[in-house]
Amino acid sequence: MARLHHLGPLPRRDEADRHEEQKPPQRPRGPAQGKARHPRRRCPAGDADMNHLQPRLGKAHRLEPGKPPVVRTMRRGEEEDHAQPVLSLTPQGDKEKEAHGARPQMTAFCRQLGVGLARAARLRHTLPAMLDLARAFSRVRFGETAPRDEPHRDAFQRDQDRITYARPFRRLQAKTQVHPLPHDSHVRNRLVHTLEVASVGRSLGVLAAGRIEHLLEPAGITPQEVGAVVRAACMVHDIGNPTFGHAGEEAIAAALARLIPEHRVNDAPADLAHFDGNAQGFRIVTKIDMHRMDRGLRLTYATLGAMLKYPWGALDERSRRGTKFCVFATEAQAFADVVRHLYGLDDPALAPRHPATWLMEAADDIAYTIADLEDAVDLGIVSAREFVELVGPIAGRRDGSVASLRGQAIGRLIDAAAELFAARIDEILAGEPYRGGALLDDLAALDATLGEAFHAARRTNETRVYGHDRKVGFELAADEIIDTVLDLLFPAALAFAETRDAEKLPRRYRQALAIFGDYRPDPAWPREEILRSAIDATAGMTDPYATFIAARLRGIDVPL
């Protein structure tokens, strides 16, 4: 695999012995900073060459040739005010320039955030210059102030165990991945997909962390811990996906946009008509599963931060037409708590992306791109020969079975993603608000052949697999089913929010509360939580159960 030659070769783990004697140069340090190692391998052509390689990952805190950054490191557990940055990438001399009225960097900064110069000047001092890795991989559990004594399992392994036993996680076995739940058991459902993403994520997390071990070691973090956090985040990355997958997301949002004005809900939260499985997942693990309305699964802050693929709400300008967001208004306080704990920021709108999120997202992209094509072979949508032609260039060979090529291709993509992560680590750790982009977007810059082959595989999925007649017909049925279910559950929740007494409800609504199952509302809850419980119940249904309920509501007797 070709390397990023303009970044210089990045040694692999098995090359460590050859590089042990070439210790990285020391950065200048202040009188109380202690020893600190170089936070990255230097580009032979100068740091300026790094800047044009990372257009998608942010532009603040770039290095200038000949101006080494000030660096200090802190070990886990060290007493320090976390509101201050642990690593600073501010070039020496810039503070003096700003003090004398120079504004080019400030202008770029405010343009990036979409704010005026006055607010940018205030915000610049609230953003961490570089993420505190010890804090970002916090073992403290959500809502607690100190890590627990967990002698038999580390905190992140316990996260994985809690997720494994969670009821929403088990329900993924009867939710659609891409293809409608088929009779062929080899075709993936959402649970199998999740387990495969978690497997890729663990391997990628350990490999990528091994390439930045010089940054992790001062913070007291091991590559295995990074792999565990990435795996836990992968296990919950789809836990909030509704019945019928992405088609279900659109159907729920469309139904709510119709029902809210139809029932004259004038006091509805502004984001109630928006739905995204990522935000539903954050709601599940922080509030409505296990310890209901009392911190949910109580996962570690590190895992919660890593699962936030789009760290903003539905009404944020970065949200795409009310999709691609991770926080409902009902979980705004939980989100603010996570951002404050991990990054020391009081304004959650400034939240950066967690380093592990990049790896979780890459693991998902790798797993579904190859696996969806393999499923298409089993379903006769793509021939085995076409699979070899598409996946062979990714695997680096064209001989062997479909399964062996799939495994080889995933392995090569893991290696590439780890290298991209290491090459861009300064930008990933810059602590800036996330504006978009993914690791594998730049795969072609690392290896043109691999990048083009991966793009061709994704393009085939888009044109041949995701648009197949069978899938389209299934999605049209999903609209009707979700409309039917919400037409009952939403007005039932609305009526319950008014009476706070199930016995005072009309018989139809009283019986409807039984369908809510795990998400039956409580009279003591705020009104917005009761309304959202109808969405929780609908989104939490499996595909067969939603189909069964919709049929029964229409007077059709079908087996479950």
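Since the model is a prediction, treat every value here as computed from it, not as a measurement.

(A) Fine view of the side chain of Thr194. Tracing the backbone through its elements, the reader meets Thr194 in helix α9 (residues 190-210). For Thr194, a relative accessible area of 0% gives the class buried. Not counting the four nearest positions on each side in its chain, Thr194 is found in contact with Phe169, Leu172, Cys234, Met235, His237 and Asp238.

(B) Inspection of the nonpolar core at higher detail. Counting residues in hydrophobic clusters, the biggest one holds 157 residues, and the most contacted among them are Val285, Ile394, Phe421 and Leu489. Looking at this core, the element that brings in the most residues is helix α22 (residues 469-499), giving 15 residues. Ignoring anything within four residues of it in the chain, the contact list for Ile394 reads Ile370, Ala409, Arg412, Leu413, Leu450, Ala453, Phe454 and Ala457.

(C) Focus on the confidence of the model for the protein. Residues at a pLDDT of 70 or more form 77% of the protein, whose mean pLDDT is 83. The model gives residues 1-115 a pLDDT under 50, and that stretch makes 209 contacts with residues more than four places away or in other chains.

(D) Local environment of helix α7 (residues 155-164). Taken together, the buried positions of α7 are occupied by Ala155, Phe156, Asp159, Gln160, Arg162 and Ile163. In a view along the axis of α7, the buried residues occupy a sector of 165 degrees, so they form one face of it. The secondary structure elements touched by the buried residues of α7 are α8 (167-171), α11 (223-236) and α14 (301-307).

(E) Examining the packing of helix α17 (residues 384-395) against helix α21 (residues 448-465) more closely. The N-to-C vectors of α17 and α21 enclose an angle of 145 degrees; their axes lie 7 Å apart at closest approach. Crossing of α17 over α21 shows left-handed handedness. Listed contacts from α21 to Glu386, Leu390, Pro393 and Ile394 of α17 are Leu450, Ala453, Phe454, Ala456, Ala457, Thr460 and Arg464. Split into classes, the residues belonging to the contact of α17 with α21 amount to 8 nonpolar, 1 polar and 2 charged.

The rules we used
Residues numbered from 1 in each chain as written. Predicted model: local features only at pLDDT ≥ 70, side-chain atom pairs only at ≥ 80, totals over all residues. Heavy atoms only, no water. Helix = DSSP H or I, 4+ residues; strand = E, 2+ residues; numbered from the N terminus. Buried < 20%, exposed > 50% of the residue type's maximum accessible area, 1.4 Å probe, protein only. Contact = heavy atoms within 4.5 Å. Core = buried A, V, L, I, M, F, W, Y, C linked by side-chain atoms within 4.5 Å. pLDDT = per-residue confidence, 0-100. Arc of directions from axis to C-beta. Axes fitted to C-alpha atoms, helices over the stretch in contact; angles between N-to-C directions. Left-handed = near helix turned anticlockwise from the far one by under 90°. Nonpolar A, V, L, I, M, F, W, Y, C, P; charged D, E, K, R; others polar.

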